[in-house]
Every structure is written in structure tokens, then in C-alpha cells.
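Structural features, examined
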Amino acid sequence: MALSVEKFDTVSFLLMATLLLSSSFRTAEAKSEEDAAKCSATGAGECRNKAKALRLNYIAIACILAASMIGVCSPLFTNAIPALHPDKDLFILVKAFASGVIIATGFMHVMPDSWNDLTSPCLPESPWRVFPFTPFITMVSAYLTMMMDTFAMSFYVKNLSSTGGNGEASSEIGDNSEKVEDGNAMGSRNGCGHGHGHGHGQVIALVLGNKESLLLEKRVIAQVLELGIVVHSVVIGLSMGASDNYCTIRPLIAAMCFHQLFEGMGLGGCITQAEYGFKMKAILAFFFSVTTPAGIIMGILMQQVYKENSPTALIVVGVLNAVSAGLLIYMALVDVLAAEFKGPKLQKNIKLQSFCYVVALMGTGLMSLMAKWA
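Residues numbered from 1 in each chain as written. Predicted model: local features only at pLDDT ≥ 70, side-chain atom pairs only at ≥ 80, totals over all residues. Heavy atoms only, no water.

Time to look at the overall build of the protein. Tallying secondary structure elements over the protein gives 14 helices and zero strands in all. Counting from the amino terminus, the protein carries its helices and strands in the arrangement α-α-α-α-α-α-α-α-α-α-α-α-α-α. The burial tally for the protein puts 45% of its 374 residues in the buried class. If you take every contact in the protein between residues at least 6 apart in sequence, the share linking residues at least 24 apart comes to 84%. For the protein, the exposed surface amounts to about 18700 Å²; the carbon and sulfur share of it is 69%. (Helix = DSSP H or I, 4+ residues; strand = E, 2+ residues; numbered from the N terminus. Buried < 20%, exposed > 50% of the residue type's maximum accessible area, 1.4 Å probe, protein only. Contact = heavy atoms within 4.5 Å. Areas by Shrake-Rupley, 256 points an atom, 1.4 Å probe, with all protein chains shown as cover.)

What follows is the structure, encoded as C-alpha cells:
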């Protein structure tokens, strides 16, 4: 009798295991079929309408262009608005808020987008879902940004020191640095990558004069920061323009206007403190302002060719986003915020330093909240 009960239990166990295995296989098969259907989808759905999406994209081009121009140009006209002059407290507070926006852009928008692209079910499981490519590429990008930052500085220092600071290579810096009465006045501005708050600023100050070294560092930082912003702006614009999902585009317009406005203020602050001539300021402001609208136009033109779920598009966009995230995070934290907070002005004014932390966290929080819609 006991033997029969044992046989019955064994048979029951085997039947249950067989049922569970077959059920899991069916679930996995159904999921793979669903993923395959998503990857091969041609755009059917209640939110898919090319005409409506195209109208919204045209609105997006105008709104984002206007927001970008206002954001990046407002710090450039500090003579017309004395309260926004680089040595005023309001300028530092606005720049801290904008830096918080840039940090949140890297962590909360660009990195998650890259993760979603590089772990998409439309890509082969090996290697894309076996190895965490997004954080790895972001980490490598941060290292490469630091290398580009320091090597560019070394290159300029070598050129300037070889001319004794009097040659053609240093003429522009020398001319612009005369705008500052003395080294302490430059220091009080707490610029992007201030020499007291950033390691290589102190080193090059030994080779060049204090004014030239600080100004040179700010110029390198402004150009590298612009590079990171331009890369992710083109990617965002391309994805937006190529999409025919008007339900996605509508909230993206408001989010992108907010993003471009305050990111532009952060970049504009760095350009202002770099004390470029009018021509260079105009070039940097122009490229920042037009990259996202240009990306949208490219996306509209490529709608017939560009498929957002194709393996090639997913890999290219995912890698570019990860690279951009590493660049933005490094620049915003190391060359902008850390340099600002370690500068003499904030170090001597704890109250202002505390306010800067609050507004930087506000910028980060608001931009993080935008991740709910975009």
C-alpha cells in the first residue's frame, strides 16, 4: 500500500513539473512573439498619426529654438542686465540651478534612454543583455572627457609657454584678460573650472599668469561642455523627428523647452566667463540653439528610412547617449559645480553656498521630475 502511494506521489510530481515547464515555455514563446511584433511594428496604433506628429514637430522646432536662444544668450548680455553680471550672486545662483539641470539630464534622461536602447528585446540577448554596456560606456566616456580636458590644457600650456606668453598664440587671451583689473577680481567670479577649485588650474597658473591660466581653463571647459550638449541634443532631436507618435511628442515639447532653457543658461554662463570675442560667442550660441531643431528636421526627413526599433538604430543611439551621459555628468560635477563651490567667493560666504546647494538640488529635482514625461 505504501509503495502505491509513493508511486502516485512520484507520478503526480512528474505531471506537475511537466505542466509547469510547458507553461513557462508557452509564456516565453508568447513573450518572444510579442517582442518580435513590437520590433517589426510599422506604426499602427491610436497615437500613431504622421500628420499630427508632423504638425507637433514643426511647433517643437520653433519652441525649442526660441527656448534655446533665450537660455544661451541671456548670460551673454550681462552688460544690459547688471544683476546677471558674472560677479553677482544672482548669476551664480542661476548657474547652480542650470548645472543641476545638466546633471539630471545625464543621470535621469540620457542614461536611462541608453539603457533602454541597449537592452532592447530587438537586440540579440548576447552580448547586449548579458553585459551592462550603458554604465560601462558612460564610465569610459567620463574618463575620456577628463583626458580630453587635461590634454587640451597641456597642449595650450605648451604652446603658450613656448612663446613666452607674448606670441600670437596668447595674444587673444592677453587682450581679453585686460578686462579684469587683477587676479583677485578674476577669482571672485568663480568661473567654470576656477583655478582654486580645479587641480590643473593651479598647475598652469605656475606656467602662465593667473589671468591667462584661469581664462584658458574656462575656454577649454566651455568647448568640451558644448560638445557633450550638442551630441545628446542631436540624438534627442533625431528620435523626436522620426517618431509618428503624437502622444509622445506633445509632452516632449514642454520638457525639451525647459531643458534647453536652463541647460543653455549653464552653457551661456561658461561662455560668458570664458570672455570670448563676439564672433566665437555667436558661433557657440548658434550651434547650441540649432542642434535640437536640426536633429528634428533630420528625423522628419529620415522617417521612411529610420526605424527606431531596428538593431542598428538602437545600438548607434544607445552608444551615443551613453557617451553623452558620461561627458555631461563629468563636466557638470567636476568642471562646473565642484569648481564653483570650491572657489573663493562661495568658500567665504557660507550663506550663499547653502543657497547654491538648494537651487542646484531644485534644478536636479525639477529635471528629474520631467523624466516622467520625457
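After that view, the rundown keeps rolling.
What follows is about helix H11 (residues 278-301). Between its terminal C-alpha atoms H11 stretches 33 Å, which fits the 34 Å expected from 24 residues at 1.5 Å a residue. Where H11 is concerned, the buried positions are Lys281, Leu284, Ala285, Phe288, Ser289, Thr291, Thr292, Pro293, Gly295, Ile296, Gly299 and Ile300. (Expected span 1.5 Å × (residues − 1).)

Right, let's get into the packing of helix H3 (residues 89-118) against helix H10 (residues 246-273). Contact geometry of H3 with H10 gives a least axis separation of 8 Å together with a crossing angle of 125°. Classified by the interaxial angle, the pair formed by H3 and H10 is oblique. The crossing of H3 and H10 is left-handed. Within the contact between the two elements, H3 uses Phe91, Val94, Lys95, Phe97, Ala98, Val101, Ile102 and Thr105 and H10 uses Phe258, His259, Phe262, Glu263, Met265, Gly266, Gly269, Cys270 and Gln273. Among the residues making up the contact of H3 with H10, the classes are represented as 10 nonpolar, five polar and two charged. (Axes fitted to C-alpha atoms, helices over the stretch in contact; angles between N-to-C directions. Parallel < 35°, antiparallel > 145°, perpendicular 65-115°, else oblique. Left-handed = near helix turned anticlockwise from the far one by under 90°. Nonpolar A, V, L, I, M, F, W, Y, C, P; charged D, E, K, R; others polar.)

Take Thr291: it is sitting in helix H11. Other than its neighbours up to four places away in sequence, Thr291 contacts Val230, Ser233 and Val234.

Bringing the environment of Phe77 into the picture now. Mapped onto the fold, Phe77 is located in the loop between helix H2 (50-73) and H3. When its relative accessible area of 51% is taken as the criterion, Phe77 is described as exposed. Separated by 191 residues in the primary sequence, Phe77 and Gly268 place their C-alpha atoms 9.8 Å from one another.

In this section: the side chain of Glu226. Relative to the helices and strands, Glu226 resides in helix H9 (residues 210-242). As a buried residue without a salt bridge, Glu226 has its nearest oppositely charged side chain in Lys281, at a separation of 13 Å. Contacts of Glu226, omitting those with residues within four sequence positions, involve Leu267, Ile271, Leu284, Phe287 and Phe288. (Lys, Arg positive; Asp, Glu negative; His and termini not counted. Salt bridge = Lys/Arg side-chain N within 4 Å of Asp/Glu carboxyl O.)

Tallied over the entire structure, the rule returns two salt bridges. Two residues, Glu340 and Lys95, come together in a salt bridge whose shortest N-O distance is 2.3 Å. Of this pair, Glu340 sits in helix H12 (residues 311-342) while Lys95 is found in helix H3, placing the two residues 245 residues apart along the sequence. Lys95 gets classed as buried once you look at its relative accessible area, which sits at 2%.

All right, on to the packing of H2 against H10 then. Here H2 crosses H10 at 15°, and the two axes come no closer than 7 Å. Regarding the angle of H2 to H10, the classification is roughly parallel. Taken as a pair, H2 and H10 cross one another with a handedness that is right-handed.

Moving on: the nonpolar core. If you look at the biggest cluster of nonpolar residues, it comprises 46 residues, and the most contacted ones within it are Leu225, Phe258, Leu267, Ile271, Met331 and Cys356. Of all elements in the fold, only H3, helix H5 (133-162), H9, H10, H11, H12 and helix H14 (350-369) reach the threshold of two or more residues within this core. When neighbours within four sequence positions are excluded, Leu267 is seen to be in contact with Val72, Ala222, Leu225, Glu226, Ile229 and Phe288. With 15 residues, the next largest nonpolar core counts Leu56, Ile61, Ile249 and Ile253 among its residues. (Core = buried A, V, L, I, M, F, W, Y, C linked by side-chain atoms within 4.5 Å.)

For the rest of this paragraph, the subject is the confidence of the model for the protein. With 72% of its residues at a pLDDT of at least 70, the protein reaches an overall mean of 77. Confidence, expressed as mean pLDDT per element, reaches its minimum in the protein at helix H7 (residues 183-187) with 41 and its maximum at H14 with 92. Predicted confidence is poor over residues 27-31, with pLDDT under 50, and the contacts of this stretch with residues over four places away or in other chains come to zero contacts. (pLDDT = per-residue confidence, 0-100.)

On the surface, Val130, Phe131, Phe136, Met139, Val140, Tyr143, Leu144, Met146, Met147 and Phe151 cluster together to form a nonpolar patch covering roughly 970 Å² of accessible area. One can find Met139 in helix H5. (Patch = residues over 30% accessible without salt bridge, like charges linked within 9 Å, V, L, I, M, F, W, Y side chains within 5 Å.)

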